Structures are given as C-alpha cells and as structure tokens.
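# Reading the structure
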Amino acid sequence: MQQLTFVPAAVFVILVAVVGAENPYRFFTWNVTYGTIYPLGVPQQGILINGQFPGPDIHCVTNDNVFINVYNSLDQPFLIHWNGVQNRRNSFEDGVFGTTCPIPPGRNFTYILQMKDQIGSFYYFPSLAFHKAAGGFGGIRIASRPLIPVPFDPPADDYTVLIGDWYKTNHTALKAILDRGKKLPFPHGILINGRGPNATSFSVEQGKTYRFRICNVGLQNSLNFRIQAHKMKIVEVEGTHTLQISYSSIDIHVGQCMSVLVTADQPSQSYYIVISSRFTTPILTTTGFLRYGNSNRPPSGPLPGGPTTQVDWSLNQARSIRSNLTASGPRPNPQGSYHYGMIKTARTIRLASSAGQVDHKQRYAINSVSYVPADTPLKLADYFKISGVFRVGSIPDAPNGRGIYLDTPVLGADYRSFIEIVFENYEKIIQSYHLNGYSFWVVGMDGGQWTSASRNQYNLRDAVSRCTVQVYPKSWTAIYIALDNVGMWNLRSEFWARQYLGQQLYLRVYTASTSLRDEYPIPKNARLCGRAAGRHTRPL
C-alpha cells in the first residue's frame, strides 16, 4: 500500500466560523482500499471503506457539521459524491469532477459537509473512473432534531437496504468497454447490501414495526421491492415526509431512496424479500429474508409476484407518492407551508436525452450536447476566473434536433429565481435524473409529448419534493425548482454508463454577491488541480 500523507488535525476546524459553532460536529476517518469480494459467488476486485463492502453508514442529525477524512489507498485518483446531501452554499465539496479535484493515490482529503435543513435517507458513492461498479457506496441517514415531531412512532429498528444491479466483471473492464465506445452488456445479478441471492436477512419481532431505508445504488435498472405477505407504508422520500399509503410492492428507480414502515403482523416464520428488475428482458431477480425472532421455519410458498410490466402501473404509483402537508420537515414549521404552486416560474428549460455515435463511438447527450470533462473542475475555473474552461449557455434551453456533438455544457441561472424543468424522453427506455445541491417538486409526469397545455394537469399543492426523478419511456416529467443554493451543480443521468458517456451537464446558479449568506468561500483545504494548480485559496 502506498504511503499516505496525513493532514494535520487543525484541518477539522477550518470552517468553524462559516458552518456555525452552535451545531454539533461529527468526525469520520475512512481508508479506501481494494479487496476481494464475492457478491455473486465469484471473486472480484471491490472497493472497500475501512474494510467494508458496502461502506459504513453515516448517521447524523439536521444541521450537523460532518467531517469525513478520506484516505485514498487505491492506485487511481478517487472522489466520493454525497447523493442528495445539498451542502448549502458550498458546491466545492460536492465530490464530482466538475466541482472537486480528485484525491491522488496515497493522499487524503477531508470533506466538510453541513446537513443544513435536511432530513431523510440518502447515500454516497465514488464518482470517478466507473468506480461505482466496484463498490465504495454506503447509506446516509439524517435524523430530525429531537424537538421536531416525526409523523410516525419510533420504529423498533431502522435498517439501511442498498439494492442495485451488479456485474461480475471488474470495473476496469467495464470502463474499458465504454472507453472503446461500446455499450455495456446486461448485468449479471442484483445485490442487497452487497450480497447476492438468499444471503441477506433482517430480523423482526412479531407485532413490532420497522423502518427500511431503501436506496437503488445500481448502475442502470429500475427495481421493484416487495416482502412476502407484508405491506409497506411509504413515509419518507429523499427528505420529504409523504402521505402514508401502503403498497404490496414498490418501484425504486436508479439513484432514488425512500423509507417504508413494515409491521411484523404475520405468523412467526421467515418470509421472502424479492427484488426484480423492471422493464427488462430477461428479468433479474434476487431474494433475501425477513426473519421473525425465535423461529427457524424457512419461507414457504412461491415467491411473491411482481407488478404488471405495463408502464402505467409504475406511473400511477409514482403519482400517488405525495407530500404530507401536516408533517414538519427539518424545521418546526410544516414542510407544506411553502406554496410552490402559487409562484410564477421565471423560465422553462426543456431537456431531452438522445443516444448515438460520435466518431464511431457510442455517446449519450442532453439537448444534443454530450458532456466532455474539462481539464479543470468547473467550479474552480469559475472561482479563479480561468477563461476557456467552460462557457455559460453552451447548451440550449430546449431540444433543437441537431445530431450529437461534444462540449462541456453549462446552463446559467440566476440565484433566487424559480424555474421549471421538463425532462422529455423520446426513447423506449426509462430514464432517471438527479440534480446535485437541490430538492425539487415533481409537479407532473405523463406519456406522450409535453406541451404548455400539460401544465393543466400539474400537482400544484402537494407534489413530493426529492432530488432524483424517473422519466418513463416516450414520456415527460416536469419539476419546479427554487434556485436558492449558489454554486455549480451537476445534473445527470443516473444510468452510470450514460452519464460516463455524456448524458450530464452543470447548472451554474450565480449571484454577484460575495456575502457568506449566499455562498461560502473556497475551503482552505481544497485541492487545486488542472489550470487552478498552484493558486492560493482565500484565507478565512
């Protein structure tokens, strides 16, 4: 293993004045290594954090200041992205190459995050070099502060459930396929918390209720989650308390997280947990177990069947997931008190995906622009005013029918504006999109072509607020966003091969203000790379 370079302990206090000394501090030290794992029964190289696959959960509370000192013991540069953590006013720490310089092999970096005004279930994962296909992911739980009521009784236990499709192939070989301009093959299986079929179980006691925080951390497939003979009550979706509706099976799309409550109200034995891929041929399936205490009886009967393969079933379920307007959010005031439906949008941006070839290599694009990483993180280029790295407005606000071309697309937007984004899917596959730094209201989704008349069916009262949304085949999804977080934020496909080959862009939310109320200065410990190398961060 390479010699690690240690950062002095003083780094842990570098943002005290900025992030607020009144909020608690939590410190983590992680060592990222390779190790041999056997998730589908064959040995392969995985990415471990402190020897664990998946990595350790992060448990914290609203407004906590979280310091995560990451040592890179791999032989490649490494970055971790905090999927769904908004990290208000500080996109420098976002952990994607457009904002953050990678950690070189044998070195370390301390991420400084504040869970500002957030609650809920999220996850982290490595964002470079197709590392996500090797592991390095884990759950993030942000609990409400003790005096703020939660709209359900405390569960008997709280489980993180990370599900996702998986390849037996080494991540370097998968990356090489993409680098040659080819498409990935079909995945080999589905994992539950890093393990294959019949290898994962969750213990319950009869009559008690349990919280399951389920995140789809996979590479490309929407998944359906169900528990034999049990109902699941959705109570939280990526930081929003929801209307408490029970389902027998739930679709969870790539990059999404949600919490469900499950009551152990069946005879004392074991029951199948089944996860299957959606809208795929063939259908991938894996199983785990819900085990009642003091019972050695195995599951009996057939596996519980999944939902219809028709898109309408999933679409109707997605529309039924709505905000609980009577519940508190991370602050004492009701989360439904923000009347987003009464605000006039200042701008409509329409984004459409496309697939094709450039120079005989597979590429993916948004509004015909296929993203190519710049030689310098865009946020650093913006901060140091380095010209020639990117151009604001280098992607059109609407599809233009052009063929795919390469660029580094950046959309410009004004701080505190309120905008509408419509994702248009002309393809025959389901899509999934994520926006860093924000939650947004999912105001509408339907089949066919979006027009201005589609707004007549928007939910302008209790749409769910989340950070990742699906777009069904030959369909559209519309979201509203209050641009209250200054910075450079990645908007991307959560299909990891597609984002790797260009289906992403950056949203630059800009203000001329230099007030700390609007954006924090660059962290003093920030790594500087590319054309920003050798420059000096501003002292605090």
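Residues numbered from 1 in each chain as written. Predicted model: local features only at pLDDT ≥ 70, side-chain atom pairs only at ≥ 80, totals over all residues. Heavy atoms only, no water.

## Structural notes on the layout of surface pockets
Empty space within the second largest pocket amounts to approximately 550 Å³. Gln220, Asn221, Ile429, Phe495 and Arg498 are, among the 22 residues lining the second largest pocket, the residues nearest its centre. Here the residues of the lining of the second largest pocket are counted per class, giving 12 nonpolar, five polar and five charged. (1 Å grid on protein atoms, 1.4 Å probe; cavity = no way out; pocket = protein on both sides within 12 Å on 5 of 7 lines; lining within 4 Å. Points joined across faces, edges and corners; volume = space filled by probe spheres on them. Nonpolar A, V, L, I, M, F, W, Y, C, P; charged D, E, K, R; others polar.)

## Quick notes on the pairing of strand E11 (residues 201-204)
Only one face of E11 is buried: it carries Phe202 and Val204, and the other face, with Ser201 and Ser203, is open. Bridge analysis of E11 against strand E19 (residues 285-292) gives four bridges, and the strand direction is parallel. Its bridge partner being in E19, phenylalanine 202 is matched across the sheet by leucine 290. (Buried < 20%, exposed > 50% of the residue type's maximum accessible area, 1.4 Å probe, protein only. Helix = DSSP H or I, 4+ residues; strand = E, 2+ residues; numbered from the N terminus. Pairing = 2+ DSSP bridges.)

## Looking at the pattern of salt bridges
According to the stated counting rule, one finds 22 salt bridges in the structure shown. A salt bridge links lysine 175 to aspartate 179, with the nearest nitrogen and oxygen atoms 2.9 Å apart. Of this pair, lysine 175 and aspartate 179 both sit in helix H2 (residues 171-179), separated by four residues, roughly a single helical turn. The class for lysine 175 is partly exposed, based on a relative accessible area of 23%. When its relative accessible area of 34% is taken as the criterion, aspartate 179 is described as partly exposed. Residue glutamate 238 pairs with arginine 466 through a salt bridge whose shortest N-O separation is 3.1 Å. Residue glutamate 238 is found in the loop between strand E14 (232-237) and strand E15 (240-247), and its partner arginine 466 is found in strand E29 (residues 465-466); the two are separated by 228 residues along the sequence. Residues joined in a network through salt bridges with shared partners are Asp57, Arg141, Asp158 and Arg213. (Salt bridge = Lys/Arg side-chain N within 4 Å of Asp/Glu carboxyl O.)

## Here we look at H2
Of all the residues in H2, the buried ones are His171, Leu174, Ile177 and Leu178. Projected down its long axis, H2 shows its buried positions confined to an angular sector of 115°, all on one face. On the buried face of H2, the contacting elements are strand E1 (25-37), strand E2 (44-49) and helix H5 (496-500). Within two residues after H2, glycine 181 carries a phi angle of roughly 85°, on the positive side. (Arc of directions from axis to C-beta. Contact = heavy atoms within 4.5 Å.)

## Some remarks on the side chain of serine 493
Here serine 493 is to be found in strand E32 (residues 487-493). Its relative accessible area of 0% is what places serine 493 among the buried residues. Of note is the side chain of serine 493, whose polar atom sits 3.0 Å from the backbone nitrogen of phenylalanine 495. (Polar contact = N/O pair within 3.5 Å; in protein donor to acceptor, adjacent residues only side chain to side chain.)

## Brief notes about the packing of aromatic side chains
Two aromatic rings are characterised by how far apart their centres lie and by the angle between their planes. Across all of its chains, the model carries 29 aromatic pairs by this definition. When the ring of tyrosine 123 is compared with that of phenylalanine 125, the centres are 5.7 Å apart and the planes differ by 35°; the resulting orientation is tilted. Phenylalanine 125 shares its class with tyrosine 123; the two are buried. For the pair phenylalanine 202 and phenylalanine 212, a centre-to-centre distance of 5.5 Å together with 75° between the ring planes defines the contact as edge-to-face. In this pair, phenylalanine 202 sits in strand E11 while phenylalanine 212 sits in strand E12 (residues 209-216), placing the two residues 10 residues apart along the sequence. (Phe/Tyr/Trp six-rings, centres within 6.5 Å; stacked < 30°, edge-to-face > 60°.)

## A closer look at the nonpolar core
By size, the foremost hydrophobic cluster in this structure holds 66 residues, and its most contacted members are Phe212 and Phe225. When near neighbours in sequence (up to four residues on either side) are disregarded, phenylalanine 212 contacts Tyr159, Val161, Phe202, Met258, Ser259, Val260, Val262 and Leu290. Counting residues in hydrophobic clusters, the runner-up holds 27 residues, among them Trp30, Val70, Phe109 and Tyr111. (Core = buried A, V, L, I, M, F, W, Y, C linked by side-chain atoms within 4.5 Å.)

## Considerations on the sheet that holds strand E5 (residues 80-83)
Strand order in the open sheet formed by four strands is E3-E8-E7-E5, and the pairing between neighbours is mixed. At either margin of the open sheet sits one strand with a lone partner, and together these are strand E3 (58-61) and E5. The mean inter-strand angle of the sheet, taken between neighbouring strand axes irrespective of direction, is 20°. (Axes fitted to C-alpha atoms, helices over the stretch in contact; angles between N-to-C directions.)

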